[in-house]
Amino acid sequence: MERVARAFWLRSPGHGEIREAPLPEPGDGDVVVRALFSGVSRGTETLVFRGGVPRSQYAAMRAPFQEGEFPGPVKYGYLSVGLVEQGPPALLGRTVFSLYPHQTRYVVPASAVTPVPDTVPAARAVLAGTVETAVNALWDAAPLVGDRIAVVGAGMVGACVAAVLARYPGVRVQLVDAEPARAALAEALGVDFALPQNAAGDRDLVVHASATEAGLARSLELLAPEGTVLELSWYGDRKVSLPLGEAFHSRRLVMRSSQVGTVSPARRSRTFADRLALALDLLADPVFDALLTGECAFEELPAVLPRLASGELPALCHLVRYAPAGDPDSPRL
């Protein structure tokens, strides 16, 4: 086994580079994983790339296998899919998902990887972390059969929430976004689409994931009396004003947060492993391919991330490929 891997580091806000990463000797309970794909979660990772993590949130934002500290140098990321080259017989040769940064090969405890079902292509499996966020959000929201629901913000998280909600019986889902081109995404996911000004009101539940002040205000406007806004957006170091006058109190509206760092209290009997395994099972549905909207080779990541952060390169989940295109170890969707 090669004892030196390569990893993507944020050297300083706005500047990334690829560094050598010496690999530790694996212990009895470890696995050695060769990366096949990783995913760039555009919202969170570009916030980190810009240096936008508030000092008060450094601990909360820390990724499981992060090295370094915010704002940099830091090795950050949490959507990795690879092949187990060394480890327990039950995992040897298996494709697995791990909350690991962008790195060509890594050594982690066997408990830190989750086997990818045979029904899920390796590239699609990078979405597991975001689908897990959607699962936790819907455990928190507890939508009911026949609910009228809007998802405001058709980014990676919002789109995953909409895709899972589309499976609920009798539920009518409208995906709301200021970008008209996201109508095609909504169609691919099997849900309705509307621009914010045209969105249907009287919603029992609104899931907000646009990370904008305007989106949050519009979410409140779309609620039926006693309806709930579930807030999934991460604003980093930005302050947000919220219109809690007007009809907020008289209509008895509810605002609540959801965060994937803890398992929803509504499912106290479930573990983190249970939640991630469920997310991977859901990814057997090819509808999630619509969220993979860009691709680059690992070596191109230092040049690609600034374009993602600036918006020059639009993306939901940007796929990072490790094996060369055409290589047998480079599965394609």
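These notes cover the structure that comes with them.

What counts and how
- Residues numbered from 1 in each chain as written.
- Predicted model: local features only at pLDDT ≥ 70, side-chain atom pairs only at ≥ 80, totals over all residues.
- Heavy atoms only, no water.
- Phe/Tyr/Trp six-rings, centres within 6.5 Å; stacked < 30°, edge-to-face > 60°.
- Helix = DSSP H or I, 4+ residues; strand = E, 2+ residues; numbered from the N terminus.
- Lys NZ or Arg CZ within 6 Å of the ring centre and 35° of its normal.
- Salt bridge = Lys/Arg side-chain N within 4 Å of Asp/Glu carboxyl O.
- Buried < 20%, exposed > 50% of the residue type's maximum accessible area, 1.4 Å probe, protein only.
- 1 Å grid on protein atoms, 1.4 Å probe; cavity = no way out; pocket = protein on both sides within 12 Å on 5 of 7 lines; lining within 4 Å.
- Points joined across faces, edges and corners; volume = space filled by probe spheres on them.
- Core = buried A, V, L, I, M, F, W, Y, C linked by side-chain atoms within 4.5 Å.
- Contact = heavy atoms within 4.5 Å.

**Details of the packing of aromatic side chains**
Two numbers describe a pair of aromatic rings. These are the distance of the centres and the angle of the planes.
Line of reasoning, step 1. Scanning all chains against the criterion turns up six aromatic pairs.
Line of reasoning, step 2. Considering the side-chain rings of Phe 298 and Tyr 322, the 5.0 Å spacing of their centres and the 25° angle between planes classify their relative orientation as stacked. Of the two residues, Phe 298 sits in the loop between β16 (292-297) and α7 (301-310) while Tyr 322 sits in the segment after β17 (317-321), which places them 24 residues apart along the sequence.
Line of reasoning, step 3. An aromatic cluster of three or more residues is present, and its members are Tyr 58, Phe 70, Tyr 76 and Tyr 78.
Line of reasoning, step 4. Lying over the aromatic face of Trp 9, Arg 19 brings its terminal NZ or CZ to 4.6 Å of the ring centre.

**What to know about the pattern of salt bridges**
Pairs may arise between side chains of opposite charge once their charged atoms sit close together.
Line of reasoning, step 1. Following the criterion strictly, the structure yields 19 salt bridges and no others.
Line of reasoning, step 2. In this structure, the salt-bridge partner of Glu 85 is Arg 34, at a minimum N-O distance of 3.0 Å. Placement of the pair is Glu 85 in strand β6 (residues 80-86) and Arg 34 in strand β3 (residues 30-41), with a sequence separation of 51 residues.
Line of reasoning, step 3. In this structure Arg 34 comes out as buried when scored by relative accessible area, which is 17%.
Line of reasoning, step 4. A single salt-bridge network, built from bridges that share partners, covers Arg 11, Glu 17 and Arg 19.

**Considering empty space enclosed by the protein**
To find the voids left in a structure, one rolls a probe of water-molecule size over its atoms.
Line of reasoning, step 1. Taken as a whole and assessed by the stated rule, the structure comprises one cavity of 30 Å³ or more.
Line of reasoning, step 2. Size it by volume and the largest cavity reaches roughly 70 Å³.
Line of reasoning, step 3. Lining the largest cavity are Phe 8, Leu 10, Glu 45, Val 48, Phe 49, Val 74, Tyr 76 and Leu 305.
Line of reasoning, step 4. Mapped by element, the contributors of at least two residues to the lining of the largest cavity are β1 (4-12) and α1 (42-50).

**Quick notes on the side chain of Thr 46**
Line of reasoning, step 1. Here Thr 46 lies in helix α1.
Line of reasoning, step 2. Look at Thr 46 and you get buried, because its relative accessible area is 4%.

**Considering the nonpolar core**
Line of reasoning, step 1. Counting 81 residues, the largest nonpolar core has Leu 127, Val 131 and Leu 189 as its most contacted members.
Line of reasoning, step 2. Of all the elements, helix α3 (residues 156-165) adds the most residues to this core, at eight residues.
Line of reasoning, step 3. Once you skip the residues sitting within four places of it in the chain, Leu 189 turns out to touch Ala 159, Ala 162, Ala 163, Ala 166, Leu 175, Val 287 and Leu 291.
Line of reasoning, step 4. With 14 residues, the next largest nonpolar core counts Ala 150, Leu 222, Tyr 235 and Phe 248 among its residues.

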